[in-house]
Amino acid sequence: MQRGRRDDRGAPVSTLWHGRFEGGPAADLLAFTVSLDYDRRLAADDLAGSRAHVRGLGRAGLLTDDEVGVVLAALDRVEDELRSGSFTFEPTDEDIHTAIERRVTALAGPAGAKLHTGRSRNDQVATDLRLWTKRELTEVARRVVALQRTLLDRAGEVGPAYLPGYTHLQRAQPVALAHHLLAHGWALARDVDRLVDCRRRLDVSPLGAGALAGSSLPLDPDATADDLGFAGRFENSLDAVSDRDFVAEALFALSLLAVHLSRMGEEIILWSTDEFGFARLDDAYATGSSMLPQKKNPDIAELARGKAGRVIGDLTGVLATLKGLPLSYNRDLQEDKEPLFDAVDQVSLALTAMSGLYGSLTFDVERMQQAADSPYAAAIDLAELLVEQGTPFRDAHALVGALVRDSLERHVPLAELVEAHPDLGAAGAALLEPGHPVTRRTTPGGAGPTPLVAQLDRFTRRLDADAERIG
Ligand code: ARG
C-alpha cells in the first residue's frame, strides 16, 4: 500500500477534490486513472466548452463582466501555451479538463477559481466528446466522398469496358466495369448517410447537467447549447451525463464503413494476382518484398482489410463497457475515448490510402473482357430468347442447361449446338458474340451500358447533394 502523495512541504498534493480528503492520492491511483495521454486531443473542445460556460456564468450574474474577461483571457493564454508546446502538465493532471482548469486558476486567480461553477467534469467531458465527434465525423464523411469521386472518375474513364460479374466467386454474367465500381460507390453512399445521421442525433449539448442533476444556480443550458453550435440541449440531466450512444453509433458507422473498405481491399488483392490479372498496382501504392526481388504486394488493400477487424473491436469494446452501467456517470465511461479516437484515425487513414490506390490502379480491360467472353456467360440470354418466343422460363432454363452440359461433355463449342437448335439458330448464336451479352442488361439499375448512363447521372447528383449535406 502506498501513502497519499505529498508535496515538498509535506502537504497532500492538490486535487480537484482536496477539500473532502485529508490525504493526497496514491501514485498507483494516479497511474491507473489518468487519461491525459489520450484525452488531450479534446483540448480545443474543452476550451470551447469552457468559454461557453464562462459566458453563461456571466449572463447568470455569477461572474462579473470583468471576471468573464479575465477568465476568457486565461483560456486564450492556455490555448496559446498548448499550441506552442509551452504548457506544462503536472503529475496530478488526471485529464485535460483538470490540467486546463488548474492553469486557468493559476493565471486568473479568484476569477479562475469560479470557472467550474455549476459544472462537473461529467457534463464537461460529455460536451467535449460530442463536439469532437461532430467535427471528426464530418471530416470522415468528406473523405468518403473523396473516395466516391475517385470511383466515379474511374467509372467515367473506363467507358464500355466489362468484366465477369461473380456470384459465389464463380463467373456469372458480364457486367460493365463502371457498374462494378459504382457498386462500391453506392455502399459508401450509405456510409455517408449513416455518418450524417449519427452526427444529427449526437448534436445535443449535455452542458448544464452538472454532475448528474442540474444546478441550483440560474444557468441556462439552452443558451450554452446555442453558443456551442449544438442543435439543442439535453432533456434529462441523468441521461445527459451517462449517454454514450453517440460513441457506439459512431463506432458502428465507422465499423461498417471499415467493412466496406475491407471488401474493396479484398477485391484489389484478388484482381492484382497473376491468377486474376485484372489490375496492376502503381509503384507508389504497392510494396516490395525484403527477400523476393520480383514481388509487388498490395499492402494498402491488405491493411484496409486488416484494420476492419480492429475497428470492429473498438465497437464491441465500447458496447461491453456500456452494457452493465447503472445511471448515471461511472468512471468506466472514460474508456469510451481510446476506441473512438482509434477508429476515427484508422478509418481516416484507410479512406485516403484507398482513394490513392483506386486512383492509380491500371485496369487490364482486355484480360477482364476475355474472362467475361466465355459463351457460357450468355446462357441466360439464350434462355430469355426462348422466353420471348413463349417458352416457360423453367423449360428454357432446362433446355439451355442441357446444351451447356452437352457442350462441356462432348467438347463441342456451345455456338455450334445453339446454331443447330431449331428454336435458337443464328439469332441464338449471335447472342454469344463477345461483348454482346453485357449490352442486353437494359433494366433500370442493371449492369449494361444503357441503364449505366442514368446511374452515372444519379450517382453524380447524389454525391453533390451529399457533399452539400456534409457541409
Ligand atoms: N476523465 C474523465 C472521463 O473521461 C472525466 C470525468 C471524470 N469525472 C469523475 N466524476 N471522476 O470520463
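Residues numbered from 1 in each chain as written. Predicted model: local features only at pLDDT ≥ 70, side-chain atom pairs only at ≥ 80, totals over all residues. Heavy atoms only, no water.

Help me understand the packing of helix 14 (residues 379-388) against helix 15 (residues 393-410), please; the structure alone is not making it clear to me.
In helix packing, the relevant descriptors are the interaxial angle and the interaxial distance, both defined with respect to the helix axes. Between helix 14 and helix 15, whose axes approach to 9 Å, the crossing angle comes to 135°. On the basis of the axis angle, helix 14 is oblique to helix 15. As for the relative orientation of helix 14 and helix 15, their crossing is right-handed in sense. Contacts from Ala379, Ile380, Leu382, Ala383, Leu386 and Val387 in helix 14 reach Phe393, Ala396, His397, Leu399 and Val400 in helix 15. Looking at side-chain class alone, the contact of helix 14 with helix 15 contains 10 nonpolar, one polar and no charged residues. (Axes fitted to C-alpha atoms, helices over the stretch in contact; angles between N-to-C directions. Helix = DSSP H or I, 4+ residues; strand = E, 2+ residues; numbered from the N terminus. Parallel < 35°, antiparallel > 145°, perpendicular 65-115°, else oblique. Left-handed = near helix turned anticlockwise from the far one by under 90°. Contact = heavy atoms within 4.5 Å. Nonpolar A, V, L, I, M, F, W, Y, C, P; charged D, E, K, R; others polar.)

Explain the site of the ligand here, please?
Surrounding the ligand, one finds Ser35, Asp95, Arg121, Asn122, Val125, Tyr329, Arg331, Gln334 and Lys337. Contact distances for the ligand include 3.0 Å between a nitrogen atom and a side-chain N or O atom of Asn122. In the model, a nitrogen atom of the ligand is placed 2.8 Å from a nitrogen or oxygen of the Gln334 side chain. Surface burial for the ligand is 87%, taken as the share of its 340 Å² of free accessible area covered by protein chains. The leading source of residues in the shell around the ligand is helix 6 (residues 121-157), at three residues. (Near = heavy atom within 4 Å. Polar contact = N/O pair within 3.5 Å; in protein donor to acceptor, adjacent residues only side chain to side chain. Areas by Shrake-Rupley, 256 points an atom, 1.4 Å probe, with all protein chains shown as cover.)

Before we go on, may I ask you to explain the pattern of salt bridges in this structure?
Note on pairing: side chains with opposite charge can pair once their charged atoms come close. One pass over the full model with this rule turns up 38 salt bridges. Between Arg102 and Asp93 there is a salt bridge, with its nearest N and O atoms 2.8 Å apart. The exposure class of Arg102 is partly exposed, given its relative accessible area of 25%. One network of salt bridges, in which partners are shared, links Arg51, Asp76, Glu79 and Arg83. (Salt bridge = Lys/Arg side-chain N within 4 Å of Asp/Glu carboxyl O. Buried < 20%, exposed > 50% of the residue type's maximum accessible area, 1.4 Å probe, protein only.)

Explain the pairing of strand 1 (residues 162-167) here, please?
Every other side chain in a regular strand lies on the same face of the sheet, so the side chains alternate between the two faces. Where strand 1 lies against strand 2 (residues 170-176), six bridges are found, and the strand directions are antiparallel. Each bridged residue has a counterpart across the sheet, and for Leu163 the counterpart in strand 2 is Val175. The hairpin formed by strand 1 and strand 2 contains two residues between the paired strands, and His168 there has a positive phi angle of roughly 55°. (Pairing = 2+ DSSP bridges.)

Even after reading the chapter, I still don't get a nonpolar patch on the surface, so can you show me in this structure?
Together, Leu212, Leu238 and Leu327 make up a nonpolar patch on the protein surface, roughly 270 Å² of accessible area in all. When you line up the elements, Leu238 lands in helix 9 (residues 237-242). (Patch = residues over 30% accessible without salt bridge, like charges linked within 9 Å, V, L, I, M, F, W, Y side chains within 5 Å.)

What is the right way to read the packing of aromatic side chains from this model?
Each aromatic ring pair is described using two quantities: the centre-to-centre distance and the angle formed by the ring planes. Counted by the stated rule, this structure contains seven aromatic pairs. A ring pair is formed by Phe87 and Phe89, whose centres lie 4.7 Å apart and whose planes are at 50°; its orientation type is tilted. For Phe87, a relative accessible area of 7% gives the class buried. Note on Phe89: relative accessible area 26%, which makes it partly exposed. (Phe/Tyr/Trp six-rings, centres within 6.5 Å; stacked < 30°, edge-to-face > 60°.)

Help me understand helix 12 (residues 337-360) in this model?
Given 3.6 residues per turn, any residue in an α-helix points the same way as the ones three and four places further on. Along its 24 residues, helix 12 runs 35 Å from first to last C-alpha, staying within 8% of the 34 Å computed at 1.5 Å per residue. Of all 24 residues in helix 12, 18 are buried; the element is thus mostly enclosed. (Expected span 1.5 Å × (residues − 1).)

Got a minute to help me understand the nonpolar core in this structure?
As a rule of thumb, soluble globular proteins bury nonpolar side chains together. Grouped together as the largest cluster of nonpolar side chains are 91 residues, with contacts concentrated most on Val140, Leu177, Leu195, Leu257, Leu261, Trp271 and Phe363. If one sorts the elements of this core by residue count, helix 10 (residues 245-271) sits on top with 13 residues. Residues in contact with Leu177, not counting those within four places in the same chain, are Val158, Ala161, Tyr162, Leu163, Trp271, Phe363 and Met368. (Core = buried A, V, L, I, M, F, W, Y, C linked by side-chain atoms within 4.5 Å.)

Just to check I follow, could you spell out the packing of helix 3 (residues 43-59) against helix 6 for this structure?
At their nearest, the axes of helix 3 and helix 6 sit 9 Å apart, and the two run at 120° to each other. With respect to helix 6, the axis of helix 3 lies oblique. At the point where helix 3 passes helix 6, the crossing takes the right-handed sense. For the pair helix 3 and helix 6, the contacting residues are Asp45, Asp46, Ala48 and Ser50 in the first and Gln124, Asp128, Leu131, Trp132 and Arg135 in the second. Residue composition of the contact of helix 3 with helix 6, grouped by class: three nonpolar, two polar and four charged.

Whenever I open this one, unusual backbone geometry confuses me. Can you help?
Excluding glycine, residues mostly have negative phi values, and the peptide bonds linking residues are mostly trans. The residue after Leu327, namely Ser328, is reached through a cis peptide bond having omega -5°. Counting through the fold element by element, Ser328 comes out in the loop between helix 11 (299-323) and helix 12. A positive phi angle, near 55°, is found at His168, a position not held by glycine. Looking at the secondary structure, you find His168 in the loop between strand 1 and strand 2. Although it is not a glycine, Leu169 sits at a positive phi angle of roughly 55°. Inspection of the secondary structure assignment puts Leu169 in the loop between strand 1 and strand 2. Looking at Leu169, the relative accessible area reads 53%, which means it is exposed.

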